[in-house]
Amino acid sequence: MMFKPGIHHVTAIAGAPKRNLDFYVGVLGMRFVKKTVNFDDPGTYHFYYGDETGQPGTILTFFPWDHAAPGRVGVGETEETAFRIPEASVGYWMHRLIMHGAPAKREVRFGESVLTLRDPDRMRIALVAVPGIEAEPGWSDGTVPAEHAIRGVHTASLLVADKTKTAAILTDVLGFTEVGSEGAVTRYRAGDTAIGGLIDLHEAGEFFKGRPGAGSVHHIAFRADEEGQAAMVQRLAEAHGIRTTPQVDRDYFRSVYFREPGGVLFEIATEDPGFTVDEPLDVLGQALKLPKNYEPHRAEIEARLPVLA
Ligand code: ZN
């Protein structure tokens with residue numbers, strides 16, 4: 001593989017757009033990497049948060065809808081999205097989250113300290129203390145000092161009734177290897193990818209099904225280059241009988257989608273062209289960006305979008 005396998009981005013559904021923005025930028029200190037619209041519903045936003053450069057593996061995106069009904073976590077859905085923080089920053093984050101009214105619980109998983117919390121839509125978020133990552137760059141202009149800033153995605157945890165077939169897709173198609181288990185959770189790692197390199201499968205047996213809505217993850221995107229994506233599409237069809245959608249141009253990446261056997265919606269996104277394709281790095285996320293076919297309708301679209309100020 002010429003690319004690093006692993007998670008490209010996680011996309012979720014949220015309620016009020018401004019509340020979502022205030023939490024991820026104002027409390028978690030992520031960079032607002034792209035402000036655009038839902039390409040399938042241009043009267044609503046699509047927000048992208050990430051690190052300073054918006055590199056694959058750091059991206060969490062939302063479709064925020066003012067009147068979205070709450071979702072419910074269940075099988076066939078992502079249970080939690082975890083981010084990496086430096087080990088020495090746990091005290092800082094405990095304090096910060098209390099001060100912002102989102103207190104975290106502390107636990108240990110796979111030998112690492114984990115802070116678990118809920119976002120304003122009750123979506124499950126975790127911050128995992130990772131040793132030895134202090135020198136990785138954190139966003140230098142965020143609301144959190146760079147030394148304590150989030151360093152990309154740690155794990156996406158998927159809740160499935162039975163892990164067998166989902167695990168086969170991870171290991172046979174997407175470049176992951178089983179690396180350990182703890183209770184009902186089995187962990188998979190993508191090569192030596194540090195950022196966005198882990199998927200946990202939480203086997204729940206006969207548990208209720210998830211219901212999409214505010215606070216639930218819509219899909220998990222994995223990364224590839226153009227050739228890698230084509231090879232994955234072929235492998236899915238030939239070895240697993242799974243057909244993907246045709247490739248869709250998302251302006252910042254080109255994607256195919258498929259429902260994995262455990263019920264979770266997966267995407268395979270190309271690493272290129274990335275978020276600097278339509279605006280320079282130093283002003284990422286400031287202007288509303290529209291796909292070319294919507295540009296003639298900018299005035300109407302802007303008038304319909306909720307006010308963020
Ligand atoms: Zn996506």
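It should be noted that the structure appears before, not after, this text.
Residues numbered from 1 in each chain as written. Predicted model: local features only at pLDDT ≥ 70, side-chain atom pairs only at ≥ 80, totals over all residues. Heavy atoms only, no water.

Draft legend 1. Just the layout of surface pockets, in detail. Computed from the structure, the largest pocket encloses a volume of approximately 350 Å³. Residue lining of the largest pocket: 15 residues in total, with Glu80, Glu107, Arg109, Thr116 and Arg124 positioned closest to the centre. Listing elements by their share of the lining of the largest pocket, those giving two or more residues are strand S5 (77-86), strand S6 (105-109), strand S7 (112-118) and strand S12 (198-203). Along the lines of polarity and charge, the residues of the lining of the largest pocket split into three nonpolar, three polar and nine charged. (1 Å grid on protein atoms, 1.4 Å probe; cavity = no way out; pocket = protein on both sides within 12 Å on 5 of 7 lines; lining within 4 Å. Points joined across faces, edges and corners; volume = space filled by probe spheres on them. Helix = DSSP H or I, 4+ residues; strand = E, 2+ residues; numbered from the N terminus. Nonpolar A, V, L, I, M, F, W, Y, C, P; charged D, E, K, R; others polar.)

Draft legend 2. The arrangement of the environment of glycine 142 in detail. Looking at the element boundaries, glycine 142 is found in the loop between strand S8 (124-130) and strand S9 (153-160). Sequence separation between glycine 142 and leucine 308 is 166 residues, and the spatial gap between their C-alpha atoms is 18 Å.

Draft legend 3. Inspection of the packing of aromatic side chains at higher detail. As enumerated under the stated definition, the model contains 19 aromatic pairs in all. Aromatic side chains tyrosine 24 and tyrosine 49 sit 5.4 Å apart centroid to centroid with 20° between the ring planes, which places their arrangement in the stacked category. Of this pair, tyrosine 24 sits in helix H1 (residues 17-27) while tyrosine 49 sits in strand S3 (residues 41-50), and the two are 25 residues apart along the sequence. Take tyrosine 24 and tyrosine 49: they sit in the same class, and that class is buried. Here the aromatic residues Phe23, Tyr24, Phe32, Tyr45, Phe47, Tyr49 and Phe62 are joined through ring pairs into a cluster of three or more. (Phe/Tyr/Trp six-rings, centres within 6.5 Å; stacked < 30°, edge-to-face > 60°. Buried < 20%, exposed > 50% of the residue type's maximum accessible area, 1.4 Å probe, protein only.)

Draft legend 4. Highlighting the sheet that holds S7. Read across the open sheet, the eight strands follow the order S6-S7-S8-S5-S9-S12-S11-S10; overall the sheet is mixed. Each end of this open sheet is capped by a strand with a single partner; those strands are S6 and strand S10 (176-182). Strand-to-strand twist across the sheet, computed as the mean angle between neighbouring axes with direction ignored, equals 25°. (Pairing = 2+ DSSP bridges. Axes fitted to C-alpha atoms, helices over the stretch in contact; angles between N-to-C directions.)

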